[in-house]
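If you want the building blocks of each chain, they are given just below.
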Amino acid sequence: MEVCEAMFIELFERVKYMESGQKLNFTGNEKMMLKLSFNAWVGGDMAAKGFEMFLKMFQNNPETQKLFDFAKGSSAAQLQNSSRMLFHVTRVVKNIHTVVHNLDKLENVVPTLREVGGRHCGFGVPSNYFPYLGVAMRQLMAQQVKNWTSKHDALWNTLYTWIAQQLVEGQNTYGKK
């Protein structure tokens, strides 16, 4: 894709989101809760948390593991030694990190999320699988973040639902049919 075309698509997605009437707005306190809980959970190790998240998703929804050619029939130990797996899970957590640190300007991350969603069509990821990872993440955060509350869970449910919606929009717009 040429640079001009990529820039045009990014601008188009930002404007489309801004005019959609579906802007996600959090209060200052809610943004701080999301940022602090995410940073406390990740603790500087995106690969480890991404790996935990995917293992939890595979445990909760075994059918999801079948989408990863390199993960089929693999044990947790085998997956942990897979460079492809670690690359993927780290990239996923980095994308979530980018969302969390752009809560004041979510339109900045919409183009990336939609592009990622479009790419997932090529791997045969059904749209209804995206929320599974958010559920796994919230379960882990509830276990591992001190002072986790139902308010944290509700905020993360709202934010991850929004992320999944952007991925699905990308599948619908840019995915191979």
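About the criteria used
Residues numbered from 1 in each chain as written. Predicted model: local features only at pLDDT ≥ 70, side-chain atom pairs only at ≥ 80, totals over all residues. Heavy atoms only, no water. Axes fitted to C-alpha atoms, helices over the stretch in contact; angles between N-to-C directions. Helix = DSSP H or I, 4+ residues; strand = E, 2+ residues; numbered from the N terminus. Parallel < 35°, antiparallel > 145°, perpendicular 65-115°, else oblique. Left-handed = near helix turned anticlockwise from the far one by under 90°. Contact = heavy atoms within 4.5 Å. Nonpolar A, V, L, I, M, F, W, Y, C, P; charged D, E, K, R; others polar. Buried < 20%, exposed > 50% of the residue type's maximum accessible area, 1.4 Å probe, protein only. Salt bridge = Lys/Arg side-chain N within 4 Å of Asp/Glu carboxyl O. Phe/Tyr/Trp six-rings, centres within 6.5 Å; stacked < 30°, edge-to-face > 60°. 1 Å grid on protein atoms, 1.4 Å probe; cavity = no way out; pocket = protein on both sides within 12 Å on 5 of 7 lines; lining within 4 Å. Points joined across faces, edges and corners; volume = space filled by probe spheres on them.

Peer 1: Can you walk me through the packing of helix α3 (residues 46–60) against helix α7 (residues 130–144) in this structure?
Peer 2: Helix packing geometry: the angle between the two helix axes and the distance between the axes. With their axes 8 Å apart at the nearest point, α3 and α7 run at an angle of 115° to one another. On the basis of their axis angle, the class for α3 and α7 is roughly perpendicular. Crossing hand, α3 versus α7: right-handed. Contact residues: Lys49, Glu52, Met53, Phe54, Lys56, Met57 and Asn60 in α3; Tyr132, Leu133, Ala136, Met137, Gln139, Leu140, Gln143 and Gln144 in α7. For the contact of α3 with α7, the per-class residue count stands at eight nonpolar, four polar and three charged.

Peer 1: Just to check I follow, could you spell out the environment of glycine 122 for this structure?
Peer 2: For glycine 122, the location among the structural elements is in the loop between α6 (110–121) and α7. The class of glycine 122 is exposed, set by a relative accessible area of 57%. Each C-alpha atom of the pair glycine 122 and phenylalanine 68 lies 12 Å from the other, and the pair is 54 residues apart in sequence.

Peer 1: Would you take a moment to explain the pattern of salt bridges for this structure?
Peer 2: Should their charged atoms come close, side chains of opposite charge can pair. Taken as a whole, this structure holds six salt bridges when the rule is applied. The salt bridge partner of glutamate 52 is lysine 49, with a shortest N-O separation of 3.5 Å. With glutamate 52 and lysine 49 both in helix α3, this residue pair falls three residues apart, about one helical turn. Taking the shortest distance from any N to any O, the salt bridge between arginine 119 and glutamate 115 comes out at 3.0 Å. Linking arginine 119 with glutamate 115, this pair stays in helix α6, spanning four residues, or about one helical turn.

Peer 1: Sorry, what's going on with the packing of aromatic side chains here?
Peer 2: Pairs of aromatic rings are described using the distance from one ring centre to the other and the angle between the two planes. Using the criterion set out here, one finds four aromatic pairs in the structure. Considering the side-chain rings of phenylalanine 54 and phenylalanine 58, the 6.1 Å spacing of their centres and the 70° angle between planes classify their relative orientation as edge-to-face. Of this pair, phenylalanine 54 and phenylalanine 58 both sit in helix α3, four residues apart, which is roughly one turn of the helix. For phenylalanine 54, a relative accessible area of 3% gives the class buried. A centroid spacing of 5.4 Å and a plane angle of 35° characterise the contact between tyrosine 129 and tyrosine 132, whose relative ring orientation is tilted. Tyrosine 129 sits in the buried class, given a relative accessible area of 16%.

Peer 1: So what exactly am I meant to see when it comes to the layout of surface pockets here?
Peer 2: The method is simple in principle: a probe with the dimensions of a water molecule rolls over the atoms, and the space it marks as empty is what remains. Considered as a void within the structure, the largest pocket measures approximately 710 Å³ in volume. Every residue lining the largest pocket is counted, 26 residues in all, and those nearest its centre are Phe54, Phe68, His88, Val92 and His120. Of all elements in the fold, only α3, α5 (83–100), α6, α7 and α8 (150–174) reach the threshold of two or more residues within the lining of the largest pocket. No other element matches the seven residues that α5 contributes to the lining of the largest pocket. Partitioned by chemical class, the residues of the lining of the largest pocket number 18 nonpolar, four polar and four charged.

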